[in-house]
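Summary of structural features
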Amino acid sequence: MKQITLDPIASVSGEIYLPGSKSISNRALLLAALAEGETTLTNLLDSDDIRHMLDALERLGVEYQWRPEQREIQVKGQGKPLAQGSPAKPLELYLGNAGTAMRPLAAALTVGDGAFVLTGEPRMKERPIGHLVEALSALGAQIRYLEEEGFPPLAITAGALKGGEVSIDGSISSQFLTALLMIAPLCKNDLTISVRGELVSKPYIDITLALMARFGVRVDNQGYESFRIQSGQRYISPGRFMVEGDASSASYFLAAGALGGGPVTVHGVGRLSLQGDKYFADVLADMGAEIQWFDDKIVAKGGKLVGIDMDLNHIPDAAMTIATTALFAEGPTTIRNVYNWRVKETDRLAAMAKELSKVGAQVEEGNDYLKITPVPSLRHAQIDTYNDHRIAMCFSLLAVGGQKVTIRDPDCTRKTFPDYFEKLKSISH
Ligand SMILES: O=C(O)C1=C[C@@H](OP(=O)(O)O)[C@@H](O)[C@H](O)C1
Ligand SMILES: C=C(OP(=O)(O)O)C(=O)O
């Protein structure tokens, strides 16, 4: 297996133009496919997760013209639910390990005509989907588990969803509520969704509501507890829509600016961004980095970093970047309320604890937290990445902090950021 060794990087500064947001790219693609009219999406991300969504849409009969070099796509909206396949010959869609394709498509394909099998890579078959299937089934969806109860692959026979009242468990993934919200206008009657349990990853729901609004659908909500969607609303193309830069991807460069002197400017996310992961910059500021906010860019400079003890449930992806940044701060850092790290690309709590220990840090792995106590001198280690793009990217920060590091299977960043290591090199001096 390929690996990459990064020598200590003396200083880091420069400009990064971020690739498009994964969360926004995949939501916008699905809504553009369902909408009336043609949509041009600019700054679309080109990565595995987006290709899985695009391949699925193509096989579902959605027409589009994609120019990846220009990061632009024209999607011909169907103005109706997606339909293909038949109960005798279901259409099988392979969605890799893309949660933002699997969960929304599982919901979208329950409405209309056709029959489908949704599957993915082995890890996808270990990532829960039961809370979503439960809620959809209560609305009349026909979904069967083909292997393990509660997990993909799923067999779906499309039909009608009745609407009315439904509740959904929000304690494992916000993507289930996102999926339900996006198909709500396709129900026969008005739909009221109430959320059971403490909803995780709340800012992702804000992205969903903002995107639905851009495509003409209004949701009346009371906080994150209850959502009401009037039936008869239709998705209408906004014409042109620019995907903002990926705020989770920004976290590595902002941390690099904090650790490597800076200034590092990330272009494409800022004060006006829809993504909650922009708040990573505030966490970095709490650790002592110098952060400057602009409407569509953020600048990070180094400072003396200190450890923090924080609930980072609202930024689960960027929180991984804090775990490696913490190695270069004074005093321990505790990242709290991240139980659902365990059901993402890998069991991220176990994996981060193991790999951080390998470089010499003192680590405590709780059921839903990680406590990292830095040591005066770290050591060179071969980091296993468990097919998890974020492990590869966040451990690259060791080199920025001055510690040589070897990262196995660096190409796993293709899930969201295929040219991550080249971009990091471009600001390393
Ligand atoms: O809705 C989204 O776009 C996402 C929601 C989050 O997942 P959970 O809600 O499962 O925490 C996040 O980790 C994921 O990368 C993208
Ligand atoms: C959890 C992640 O991905 P997914 O969209 O597959 O849930 C992630 O990108 O960190």
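Nothing here was measured: the structure is a model prediction, and the numbers come from that model.

As for the sheet that holds strand S18 (residues 309–311)
- Ordered by their spatial adjacency, 4 strands build an open sheet running S18-S19-S21-S20, and the pairing between neighbours is mixed. The two strands at the open ends of the sheet, each matched to only one other strand, are S18 and strand S20 (362–365). For this sheet, the mean inter-axis angle between neighbouring strands, taken without regard to orientation, is 10°.
- Sheet analysis places S18 next to strand S19 (residues 333–336), joined by 3 bridges and oriented parallel. Bridge pairing in S19 places Asp-309 opposite Thr-334.
- Sitting on the sheet, helix H10 (residues 348–358) touches S20 and strand S21 (370–373), and the angle it makes with S20 is about 165°.

Examining the UniProt feature "domain: Enolpyruvate transferase" (unreviewed entry) in the protein
- Mapped onto this structure's residue numbering, the UniProt feature "domain: Enolpyruvate transferase" (unreviewed entry) falls at residues 7–424.
- The straight-line gap between the two end C-alpha atoms of residues 7–424 is 13 Å; of that span, 28% is helix and 23% is strand.

What to know about the site of ligand 1
- Lining the immediate surroundings of ligand 1 are Lys-22, Ser-23, Arg-27, Thr-100, Ser-173, Ser-174, Gln-175, Ser-201, Tyr-204, Asp-317, Asn-340 and Lys-344.
- At 2.6 Å, a side-chain N or O of Ser-173 approaches an oxygen atom of ligand 1.
- Contact between ligand 1 and Ser-201: an oxygen atom at 2.6 Å from a side-chain N or O atom of the residue.
- Within the complex, the protein chains bury 96% of what would otherwise be the 390 Å² of accessible surface of ligand 1.
- Considering each element in turn, the shell around ligand 1 owes the most residues, 3 residues, to helix H1 (residues 22–34).
- Residues that form the shell around ligand 1 fall into these classes: 1 nonpolar, 7 polar and 4 charged.

Concerning the sheet that holds strand S11 (residues 191–196)
- Pairing within the open sheet is mixed, and its 4 strands lie in the order S10-S11-S13-S12. Two strands lie at the open edges of the sheet, namely strand S10 (164–169) and strand S12 (220–222), each paired on one side alone. For this sheet, the mean angle separating the axes of adjacent strands, direction not counted, is 15°.
- One ladder, built from 6 bridges, connects S10 with S11; its direction is parallel. Considered in S11, the bridge of Glu-165 is made with Thr-192.
- Running over the sheet, helix H5 (residues 175–183) touches S10, S11 and strand S13 (226–229) and is turned about 160° from S10.

Concerning the UniProt feature "active site" (unreviewed entry) in the protein
- Under the UniProt annotation, the feature "active site" (unreviewed entry) is placed at Asp-317.
- Secondary-structure assignment places Asp-317 in the loop between S18 and helix H9 (319–325).
- Beyond its immediate sequence surroundings of up to four residues, Asp-317 is in contact with Lys-22, Tyr-204, Ser-248, Asp-277, Lys-344, Arg-348 and Arg-390.
- A polar side-chain atom of Asp-317 sits 3.4 Å from a polar atom in the side chain of Tyr-204.

Re the confidence of the model for the protein
- Confidence along the protein averages 97 in pLDDT terms, with 100% of residues attaining 70 or more.
- The ipTM, which scores confidence in the relative placement of chains, is 0.99 for this predicted complex, and the corresponding pTM is 0.98.

Some details on the environment of Val-400
- Tracing the backbone shows Val-400 in helix H12 (residues 397–400).
- Discounting chain neighbours no more than four positions away, the residues touching Val-400 are Ile-9, Val-12, Ala-256, Leu-259, Gly-260 and Leu-424.

Rules behind the numbers
Residues numbered from 1 in each chain as written. Chains lettered and ligands numbered in written order. Predicted model: local features only at pLDDT ≥ 70, side-chain atom pairs only at ≥ 80, totals over all residues. Heavy atoms only, no water. Pairing = 2+ DSSP bridges. Helix = DSSP H or I, 4+ residues; strand = E, 2+ residues; numbered from the N terminus. Axes fitted to C-alpha atoms, helices over the stretch in contact; angles between N-to-C directions. Contact = heavy atoms within 4.5 Å. UniProt positions renumbered as here; feature names shortened; annotations may be inferred. Near = heavy atom within 4 Å. Polar contact = N/O pair within 3.5 Å; in protein donor to acceptor, adjacent residues only side chain to side chain. Areas by Shrake-Rupley, 256 points an atom, 1.4 Å probe, with all protein chains shown as cover. Nonpolar A, V, L, I, M, F, W, Y, C, P; charged D, E, K, R; others polar. pLDDT = per-residue confidence, 0-100.

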